[in-house]
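# Structural description and commentary
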There are 2 protein chains.
Amino acid sequence: MPPKRHRITDDNLYCDSWRFSVETNDAGTWTNIPSRCVAFVQDYMTGVRYLSDSAAVANYSLSFARGVQIGGDGKDAWVFDIDETLLSNLPYYEAHGFGSETFDEASFDEWVDLAKAPALPASLKLYKELQQLGFKIFLLTGRSEHQRNATAKNLLYARYNNWERLLLRGPSDQGTTATVYKSEKRSDLINEGYRIHGSSGDQWSDLLGFAVAQRSFKLPNPMYYIA
Amino acid sequence: MPPKRHRITDDNLYCDSWRFSVETNDAGTWTNIPSRCVAFVQDYMTGVRYLSDSAAVANYSLSFARGVQIGGDGKDAWVFDIDETLLSNLPYYEAHGFGSETFDEASFDEWVDLAKAPALPASLKLYKELQQLGFKIFLLTGRSEHQRNATAKNLLYARYNNWERLLLRGPSDQGTTATVYKSEKRSDLINEGYRIHGSSGDQWSDLLGFAVAQRSFKLPNPMYYIA
């Protein structure tokens, strides 16, 4: 058995390559993080790297947004996902193995009902700056309609406000993948005359499909995958 | 001025977040790597990380390919980009600042004519395995038609062989972006009855656009960007 330091280095290399594959969508569908990567994901999520990566994405987003010509018609839109994009569920995942445990909907729903998820700092800053630039903000989440009140309460608790619309999965949206559900909702916005300049999400299913934004911004999330 | 170790750590954090933004396409169009990231990119490209990341992508590619039902009609296709996908131009970029110098077409073309670029090891292994599984291999490159001989010679030198077709930019393909050019060529293949199951490339312009593959695999490349 190699010395501990060596094993840790090997795990870091393995897990960093695993993270590359996950963040570029090369890994495709996956359920739990590899068991040997729990310490790696914990380090990444609770240290400076997660904050630094999120801040870099927000900076590129803002830099693009500043170049958008805002019309006078109130139809310039930006779409944000919520979980791990505007709000951070890190306190929940810290108590649940950082993505190494099988997802438990009941306990996660209890967490959602608490409405105490903090803002992802870089996203909160970006959100306010986009509003100042004149973008209308649409929040498009895989959360269900019955979680509307808890979600709105949590957003306000985290200092998000004045969104144009909060879009959740209604009864007719159940049973579709996130990619299709979110594409359909973006398509509806385009049909209403909105120009979706930017879209921010931690999942590729927030960003791909049809009716995609002019620019899509992938935030980091090595904890879980949603198809 | 902070001690050197501290500065290096700060640069590493900055450059790792820059790399995240580049590899996820969040950075959008960029020309040269940040000057403070030259040592970081050099470390990444010449150490184990580049090999490890490439190997992880190849493993996910093969894992997907093994699940594809191969028809008996010879129409199951896989599309590979060439530069930084099958062949590595690292010897050239080592002599040219790892992407920190402005791209010089004349000297790069001289390098191409040498036909001595080595294979990216993980891609060579994947290439052979895909052929054994029954995939037809299409090579789709931004290199020009006049570089056909040098390119084929280099591929054989690096032990690639038996590709179905080598597609280069002809006179009518000049002046289009890589995304459009490559989408058009994939579209032609689909019109010929090919099923493009997988596509491998180090640039998002190898993978996005229209007529995209069922699964796209993004290889690492923190040295340069092609629109």
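Heads up: these notes are all about the structure in this document. (Residues numbered from 1 in each chain as written. Chains lettered and ligands numbered in written order. Predicted model: local features only at pLDDT ≥ 70, side-chain atom pairs only at ≥ 80, totals over all residues. Heavy atoms only, no water.)

### Some thoughts on the packing of helix H3 (residues 48-66) of chain A against helix H6 (residues 121-133) of chain A
Residues and elements named next belong to chain A. Taken N-terminus to C-terminus, the directions of H3 and H6 make an angle of 10°; their axes are 8 Å apart at the nearest point. Classified by the angle between their axes, H3 and H6 sit roughly parallel to one another. For the pair formed by H3 and H6, the contact residues are Leu51, Ser54, Ala55, Ala58, Ser61, Leu62, Ala65 and Arg66 on the first element and Pro121, Ala122, Leu126, Glu129, Leu130 and Leu133 on the second. Partitioned by chemical class, the residues of the contact of H3 with H6 number ten nonpolar, two polar and two charged. (Axes fitted to C-alpha atoms, helices over the stretch in contact; angles between N-to-C directions. Helix = DSSP H or I, 4+ residues; strand = E, 2+ residues; numbered from the N terminus. Parallel < 35°, antiparallel > 145°, perpendicular 65-115°, else oblique. Contact = heavy atoms within 4.5 Å. Nonpolar A, V, L, I, M, F, W, Y, C, P; charged D, E, K, R; others polar.)

### Structural notes on the relation of the copies chain B and chain A
Superposition record for chain B on chain A: RMSD 0.0 Å, screw rotation 180°, translation along axis 0.0 Å. The superposition operator between the copies reduces to a two-fold rotation axis. Considering only C-alpha atoms, the part of chain B nearest the rotation axis is threonine 24 of chain B, at 2.8 Å. A shared binding surface is used by both copies, with 100% of the interface residues of chain B retained as interface residues in chain A. (Least-squares fit on C-alpha atoms with pLDDT ≥ 70 in both.)

### Section: the interface of chain B and chain A
On the chain A side, the residues contacting the 27 residues of chain B number 27 residues. Here chain B and chain A share an interface that buries about 2,100 Å² over both sides, 56% of which is from carbon and sulfur atoms. Ranking the residues of chain B by area buried against chain A places Phe20, Asp26 and Tyr60 of chain B at the top, with a combined share of 29%. Linking chain B to chain A there are four salt bridges. Two residues, aspartate 16 of chain B and arginine 49 of chain A, come together in a salt bridge whose shortest N-O distance is 2.8 Å. Applying the counting rule to chain B against chain A returns ten residue pairs in polar contact (both at pLDDT 80 or more). Of all the secondary-structure elements, those providing two or more residues to the side of chain B that touches chain A are helix H1 (4-23), helix H3 (48-66) and strand S5 (215-218) of chain B. (Buried area = accessible area lost by both parts, 1.4 Å probe. Salt bridge = Lys/Arg side-chain N within 4 Å of Asp/Glu carboxyl O. Polar contact = N/O pair within 3.5 Å; in protein donor to acceptor, adjacent residues only side chain to side chain.)

### Here's the deal with the packing of aromatic side chains
Each pair of aromatic rings is reported with the distance of its centres and the angle of its planes. Residues and elements named next belong to chain A. For the structure on display, the rule yields 33 aromatic pairs over all chains. Look at tryptophan 78 and phenylalanine 217: their rings are 5.8 Å apart centre to centre, the planes differ by 15°, and that puts the pair in the stacked class. With tryptophan 78 in strand S1 (residues 76-80) and phenylalanine 217 in strand S5 (residues 215-218), the pair connects residues that are 139 residues apart, well separated along the chain. Judged on exposure class, the residue tryptophan 78 and its partner phenylalanine 217 are both buried. Positioned above the aromatic ring of tyrosine 14 is the side chain of arginine 36, whose terminal nitrogen or guanidinium carbon lies 4.0 Å from the ring centre. (Phe/Tyr/Trp six-rings, centres within 6.5 Å; stacked < 30°, edge-to-face > 60°. Buried < 20%, exposed > 50% of the residue type's maximum accessible area, 1.4 Å probe, protein only. Lys NZ or Arg CZ within 6 Å of the ring centre and 35° of its normal.)

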